[in-house]
Amino acid sequence: MNESLSSAIQTFQEEFGLSSSEFRGQYSLTLSGDKLLPVCQGLRDRFGFEILAGQTAVDYWPQQDPRFHVVYQLRSLQHNSRLSLRALVPGMQPSLPSLTSVYPNADWHEREVWDMFGIHFEGHPDLRRILMPADWEGHPLRKDYPLGYEEVQFSFNKEEIAARKPKPAV
Amino acid sequence: MEVSLDELKHMVSDRALTGDTVLLNMGPQHPSTHGVLRLLLELDGEVVINCIPDVGFLHTGIEKNMEAKTYDKAAVMTDRLDYLNNLGNNLAYCMAIEKLVDLDVPPRAQAIRVVMTELERLSSHLVWLATHALDLAAMSVFLYCFRERERILDIKEMVGGQRMMTTYFRPGGVWRDLPEEFFPTVRGFLDDFPRRIDEYEALLTRNPIFIDRTRNIGVLSVETALQWGVTGPILRASGLGADLRKDQPYCGYEQYDFEVPTHTDGDTYARYLVRMEELRQTVRIIRQALDKMPSGPVRSNNRKFVPPPRSELAHSMEAVIHHFKLWTEGFNAPAASVYSAVESPRGELGVFLEGDGGPKPYRVYWRTPSLVNLQILPLLAKGHLVADLVALIGTIDVVLGDVDR
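Small disclaimer: the values here were computed from a predicted structure and weren't measured.

Calculation criteria
- Residues numbered from 1 in each chain as written.
- Chains lettered and ligands numbered in written order.
- Predicted model: local features only at pLDDT ≥ 70, side-chain atom pairs only at ≥ 80, totals over all residues.
- Helix = DSSP H or I, 4+ residues; strand = E, 2+ residues; numbered from the N terminus.
- Contact = placed C-beta atoms within 7 Å.
- Buried ≥ 20, exposed ≤ 12 C-beta atoms within 10 Å, placed from the backbone.
- Pairing = 2+ DSSP bridges.
- Axes fitted to C-alpha atoms, helices over the stretch in contact; angles between N-to-C directions.
- Domains from an automatic or database assignment.
- Core = buried A, V, L, I, M, F, W, Y, C linked by C-beta atoms within 7 Å.
- Nonpolar A, V, L, I, M, F, W, Y, C, P; charged D, E, K, R; others polar.
- Parallel < 35°, antiparallel > 145°, perpendicular 65-115°, else oblique.
- Left-handed = near helix turned anticlockwise from the far one by under 90°.

1. Brief notes about the overall build of chain A
Then, in step 1: Helix and strand counts for chain A come out as four helices and seven strands.
Then, in step 2: Helices and strands in chain A line up, N terminus first, as α-β-β-α-β-β-β-β-α-β-α.
Then, in step 3: In terms of overall dimensions, chain A has a C-alpha envelope of 65 × 40 × 25 Å along the principal axes.
Then, in step 4: Counted over contacts in chain A with a minimum sequence separation of 6, partners at least 24 positions apart contribute 52%.

The structure is reproduced here in structure tokens:
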């Protein structure tokens, strides 16, 4: 881990009380939505993370609460390092502040997360669906979104799957 | 679906509402949009006032689909994302898996990966040059580029059995070793290719029409490029030599001697020059990788993740068990997430991969360079003519399969 990255992680742990984790040499900070804007602003201006490399979400339904993690990948060219942020978002009316004021390219990323996960971004200039048709119902990358294929029934789970199958309307 | 003007109000200028400017739909089936890209243009005469890209026509739900397949089987879908950089997608995905489960890759496989992805970079840049030049009315360049690209596709077919979607890279290495005739064929191609680059340059670099159409068109400053997260040749043409192959080397790129071409102008002509120089540097890398090609296995021997070779199945019970386990259940990956990125011909191609302890990925996210780079099109297009917009779509080198996933 290079110096600027370790000082960035330490600073934000102390100032905002964020928890950090490491896996295979990659570092990640976990935070709640209200701290997202000041943390990103600080990472960009004080620690040289100029680029928002990517943004996505992970749905932990039904096993975890809060249900969504929105994951940001930040990249610093001047210090040649990477850091990811995980913002925790509850499942009921999920919402986060928009990062478009800090990283303009969050625009399409946030539209995509809205489209695929139904997470609302407050302050986004133009939050429309981006990949799915405008009149599409549901958010496909959620874990409770039906996949649309037929599950294979074996003798041990025949009843269980039969109970889940959609019944024709009477 | 019909969209009323009310829904567009916030995207266009007030002059559109009074009828002072014209709203024009370009695409998704327009020949110069390089795929199914739809642009809503607000025009004042021939000048672009606003340009609103509309993407998603090629959305195939690959990220969702991968969640329903084992790690190995999902690899087949990665070829279909950026259809000009199939092996680059394989590489990004395989590297993510290798990082997630901590799997080794033998040195020969690393070198093969370098040779094949760099050949792919040549082929992708050739398609870019061909279509970009064609948009700017240089028909012969198109034919020349496709002539050379055909030879690269033949090499891919020789190695992976397919011209495009080979899925040749697998977690832990590559599918099989290179055939004997590979080396003379690639060397023959490399001996020939620099002369071909000269040929393209002779047709374009000092061509007054081409220069008129590209110089000072779509100037992008390095600050704006960073703000918008732009990577790859576009960023390098704005003056910043960021290249993941140099900055965070993977697959042993640190052993090879090559330069990262940059330019300071940041216009369409600078991006052209940068990509042309990249063609030459790529030839250098492939030559070195062929010269230094180590011998040895081409796939990891870790039987928990890599199936045993066919020859072992006849006399090893253990091999049969591993084979059966890997082809029915697959291998389990820890409940953790990794992000791995490679330098695709278009910029940073990243894979965010999260496991849940089982044999299927819990979440795969593709950070595709085309999606991020396409966002700057409205910025670049503002104030230019419609004819220049065509040059700008070409210079961003957008692949819609990469944008829409």
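2. Some details on the pairing of strand 5 (residues 81-89) of chain A
Working note: regular strand, side chains alternate between the two faces of the sheet.
Residue and element names in this part refer to chain A.
Then, in step 1: Judged by how many residues are buried, strand 5 sits mostly within the fold: eight of nine residues are covered.
Then, in step 2: The pairing of strand 2 (residues 26-32) with strand 5 spans five bridges and is classified as parallel. Of the residues in strand 5, the one forming a bridge with Ser32 is Leu88.
Then, in step 3: The pairing of strand 4 (residues 68-76) with strand 5 spans nine bridges and is classified as antiparallel. From the neighbouring strand, Val70 faces strand 5, where its bridge partner is Ala87.

3. Notes on the sheet that holds strand 1 (residues 19-23) of chain A
Residues and elements named next belong to chain A.
Then, in step 1: Taking strand neighbours across the sheet as the criterion, the five strands line up as 1-2-5-4-3 in an open arrangement whose pairing is mixed. Strand pairing shows two members of the sheet lacking a second neighbour, strand 1 and strand 3 (51-59), which therefore form its edges. If you compare each strand with its neighbour and ignore which way they point, the axes differ by 25° on average.
Then, in step 2: Pairing of strand 3 with strand 4 involves eight bridges; the strand directions are antiparallel. Bridge pairing links Thr56 to Val71 in strand 4.
Then, in step 3: Where helix 3 (residues 106-117) meets the sheet, it contacts strand 3 and strand 4, and its direction lies at approximately 10° from that of strand 3.

4. As for the domain arrangement of chain B
All names here are of chain B.
Then, in step 1: With domains assigned, chain B is organised as domain 1 (5-54) and domain 2 (62-300 + 332-404).
Then, in step 2: One C-alpha centre belongs to domain 1, the other to domain 2, and the line joining them spans 30 Å.
Then, in step 3: With 14 residues of domain 1 at the interface, the matching set in domain 2 holds 17 residues.
Then, in step 4: When residues of the side of domain 1 that touches domain 2 are assigned to their parent elements, the largest contribution, six residues, is made by strand 3 (residues 47-54).

5. Focus on the nonpolar core
Most often, soluble globular proteins have nonpolar side chains that are buried together.
Then, in step 1: Residues A:Val70, A:Ile119, B:Ala92, B:Ala96, B:Leu377 and B:Leu392 are the most contacted members of the largest nonpolar core, which totals 155 residues.
Then, in step 2: A domain-level breakdown of this core finds at least three residues from each of domain 1 (5-54) and domain 2 (62-300 + 332-404) of chain B.
Then, in step 3: Residues within four places of A:Val70 in sequence aside, it is in contact with A:Gln55, A:Ala57, A:Ala87, A:Val89, A:Leu96, A:Val113 and A:Ile119.

6. Quick notes on the interface of chain B and chain A
Then, in step 1: Chain B puts 34 residues into the contact, and the matching count from chain A is 30 residues.
Then, in step 2: Residue assignment for the side of chain B that touches chain A shows that the elements contributing at least two residues are helix 3 (62-66), helix 10 (222-227), strand 6 (337-344), strand 7 (347-354), strand 8 (363-367) and helix 16 (369-374) of chain B.
Then, in step 3: Partitioned by chemical class, the residues of the side of chain B that touches chain A number 15 nonpolar, nine polar and 10 charged.

7. Observations concerning the sheet that holds strand 1 (residues 22-26) of chain B
Residue and element names in this part refer to chain B.
Then, in step 1: Sheet architecture is open: three strands sit in the order 1-2-3, paired in antiparallel fashion. Every interior strand has two partners, whereas the edge strands, strand 1 and strand 3, have only one. Across the sheet, the mean angle from the axis of one strand to that of its neighbour is 25°, orientation sign disregarded.
Then, in step 2: Looking at chain direction, strand 2 (residues 38-44) and strand 3 are connected through seven bridges and run antiparallel. Bridge assignment links Leu41 to a residue of strand 3, and that residue is Cys51.

8. Observations regarding the packing of helix 4 (residues 71-78) of chain B against helix 5 (residues 86-101) of chain B
Residues and elements named next belong to chain B.
Then, in step 1: The contact between helix 4 and helix 5 brings their axes to 9 Å, and the two run at 155°. One element, helix 4, and the other, helix 5, form an angle in the roughly antiparallel class. Like other packed secondary-structure pairs, helix 4 and helix 5 cross with a definite hand, here right-handed. Facing Tyr71, Ala75 and Thr78 of helix 4, the residues of helix 5 in contact are Asn89, Asn90, Tyr93, Cys94 and Ile97.
Then, in step 2: Looking at the contact of helix 4 with helix 5 residue by residue, the classes come out as five nonpolar, three polar and no charged.

9. Overview of unusual backbone geometry
Then, in step 1: In this chain, A:Trp61 is followed by A:Pro62 through a cis amide linkage whose omega measures -5°.
Then, in step 2: Note on placement: A:Pro62 falls in the loop between strand 3 and strand 4.
Then, in step 3: Each neighbour pair has its own omega, and for A:Asp65 with A:Pro66 the value is 0°, a cis peptide bond.
Then, in step 4: On the secondary structure map, A:Pro66 appears in the loop between strand 3 and strand 4.
Then, in step 5: Positive phi, close to 60°, is recorded for B:Asp102, a residue that is not glycine.
Then, in step 6: Looking at the element boundaries, B:Asp102 is found in the loop between helix 5 and helix 6 (107-135).
Then, in step 7: Classification of B:Asp102 as exposed rests on a count of 11 C-beta atoms within 10 Å.
Then, in step 8: For B:Cys251, which is not glycine, the phi torsion reads 55° and is therefore positive.
Then, in step 9: Structurally, the position occupied by B:Cys251 is in the loop between helix 12 (244-247) and helix 13 (268-291).

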